[in-house]
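# Architecture and fold: a report
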Amino acid sequence: DVVMTQTPVSLSVSLGGQVSISCRSSQSLVHNNGNTYLSWYLQKPGQSPQLLIYKVSNRFSGISDRFSGSGSGTDFTLKISRVEPDDLGVYYCGQGTQYPNTFGAGTKLELK
Amino acid sequence: EVQLVESGGGLVQPGASLKLSCVASGFTFSDYWMSWVRQTPGKTMEWIGDIKYDGSYTNYAPSLKNRFTISRDNAKSTLYLQMSNVRSEDTATYYCTRTTGSFDYWGQGVMVTVSS
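The rules behind these values
- Residues numbered from 1 in each chain as written.
- Chains lettered and ligands numbered in written order.
- Predicted model: local features only at pLDDT ≥ 70, side-chain atom pairs only at ≥ 80, totals over all residues.
- Heavy atoms only, no water.
- Helix = DSSP H or I, 4+ residues; strand = E, 2+ residues; numbered from the N terminus.
- Contact = heavy atoms within 4.5 Å.
- Phe/Tyr/Trp six-rings, centres within 6.5 Å; stacked < 30°, edge-to-face > 60°.
- Lys NZ or Arg CZ within 6 Å of the ring centre and 35° of its normal.
- Disulfide = S-S within 2.5 Å.
- Buried < 20%, exposed > 50% of the residue type's maximum accessible area, 1.4 Å probe, protein only.
- Pairing = 2+ DSSP bridges.
- Axes fitted to C-alpha atoms, helices over the stretch in contact; angles between N-to-C directions.
- Buried area = accessible area lost by both parts, 1.4 Å probe.
- Polar contact = N/O pair within 3.5 Å; in protein donor to acceptor, adjacent residues only side chain to side chain.
- Nonpolar A, V, L, I, M, F, W, Y, C, P; charged D, E, K, R; others polar.

Let us look at the side chain of A:Thr102. As for its placement among the helices and strands, A:Thr102 is situated in strand E10 (residues 102-103). Not counting the four nearest positions on each side in its chain, A:Thr102 is found in contact with A:Asp1, A:Val2, A:Met4, A:Cys93, A:Gly94 and A:Gln95.

Shown next, in the form of structure tokens:
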């Protein structure tokens, strides 16, 4: 199975600040079709996860441009700029390139 | 608006069977692969498996393959998860998701607790 390693486990940020979350995979996430199926999800307290970023850097419908994804191969980053209260929660990376699909353990974003 | 509504969860004894359902609306259900994902009480996310848009093909997490079965009824826009011989480690919140290389829409989740 592809192991997804997220760092840090938790992150404290001031409103208006910027943060980065790292996600590394144990194998390349480049699919045979050339796509890289690395996604980022946010789970707000008491809610279901929601898709933020798909295929490394594409923002899902309705997602603010304060969220940006980057990376390639096995090394990926989610950046959040001008952090707002509604951004707080747990962020997960996930891969859909190989079966079984797998997720990182999550990064909890809290207010400083 | 895309909606996924799960049902069928609850308290179940070890060794028993349980069938979860997920009713989809707001999109053409028969055009999409669908998946089940669960989240343990410790918040670990685990992919269970997926099913092709026409129901002809399924994939499963190896550790669950022998006990869990995913099916769908496109006429009813409904996804199913049949769980058999459940164990305490199956205690989790189960989510139905639309699958497009990522999980772009999630249901509200249904809790399953396995305990005697």
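Alright, that's what it looks like, and here's the rest.
Between two aromatic rings, the relevant description is the distance of the centres plus the angle of the planes. Under the definition given, this model contains twelve aromatic pairs over all chains. Ring-pair connections join several aromatic residues into one group, and the members of that group are A:Tyr41, A:Phe103, B:Tyr95, B:Phe103 and B:Trp106. Here B:Arg72 stacks its cationic end above the ring of B:Phe29, 4.3 Å away from the centre of that ring.

With that settled, the discussion passes to the state of the cysteines. Residue and element names in this part refer to chain A. Under the definition given, this model contains two disulfides over all chains. Note on cysteine connectivity: Cys 23 is disulfide-linked to Cys 93, with sulfurs 2.1 Å apart. For the disulfide bridge between Cys 23 and Cys 93, the dihedral angle about the S-S bond is near 75 degrees, and by the sign convention the bridge is right-handed. Of this pair, Cys 23 sits in strand E3 (residues 19-25) while Cys 93 sits in strand E9 (residues 89-95), placing them 70 residues apart in sequence. You'll find Cys 23 and Cys 93 in the same group, each marked buried.

This part covers unusual backbone geometry. Most peptide bonds take the trans configuration, and most residues that are not glycine carry a negative phi. The omega torsion across A:Thr7 and A:Pro8 is -5 degrees, close enough to zero to call that bond cis. Tracing the backbone shows A:Pro8 in the loop between strand E1 (4-7) and strand E2 (10-13). The step from A:Tyr99 to A:Pro100 runs through a cis peptide bond, and the omega angle for that step is -5 degrees. Locating A:Pro100 in the fold gives a position in the loop between E9 and E10. Here the phi dihedral of B:Lys43 falls at roughly 80 degrees; this positive angle occurs in a residue that is not glycine. Among the secondary structure elements, B:Lys43 is positioned in the loop between strand E4 (33-39) and strand E5 (45-51). Among the residues examined, B:Lys43 registers a relative accessible area of 48% and is labelled partly exposed.

All right, on to the sheet that holds strand E7 (residues 68-73) of chain B then. All names here are of chain B. Taking strand neighbours across the sheet as the criterion, the four strands line up as E1-E3-E8-E7 in an open arrangement whose pairing is antiparallel. Whereas interior strands pair on both sides, the edge strands pair on one side only; in this sheet they are strand E1 (3-7) and E7. Within this sheet the neighbouring strands show an average axis-to-axis angle of 20 degrees, counted without direction.

Looking now at the interface of chain B and chain A. With 21 residues of chain B at the interface, the matching set in chain A holds 16 residues. Summing both partners gives a buried area of about 1,500 Å² for chain B against chain A, and 61% of it is carried by carbon and sulfur. When residues of chain B are sorted by the area they lose upon contact with chain A, B:Met45, B:Trp47 and B:Trp106 head the list and together hold 34% of the total. Taken together, chain B and chain A are joined by nine residue pairs in polar contact (both at pLDDT 80 or more). Of all the elements in the fold, those that place two or more residues in the side of chain B that touches chain A are E4, E5 and strand E10 (103-106) of chain B. Residue composition of the side of chain B that touches chain A, grouped by class: ten nonpolar, seven polar and four charged.

Read these as layout, nothing more, since geometry by itself doesn't imply function.
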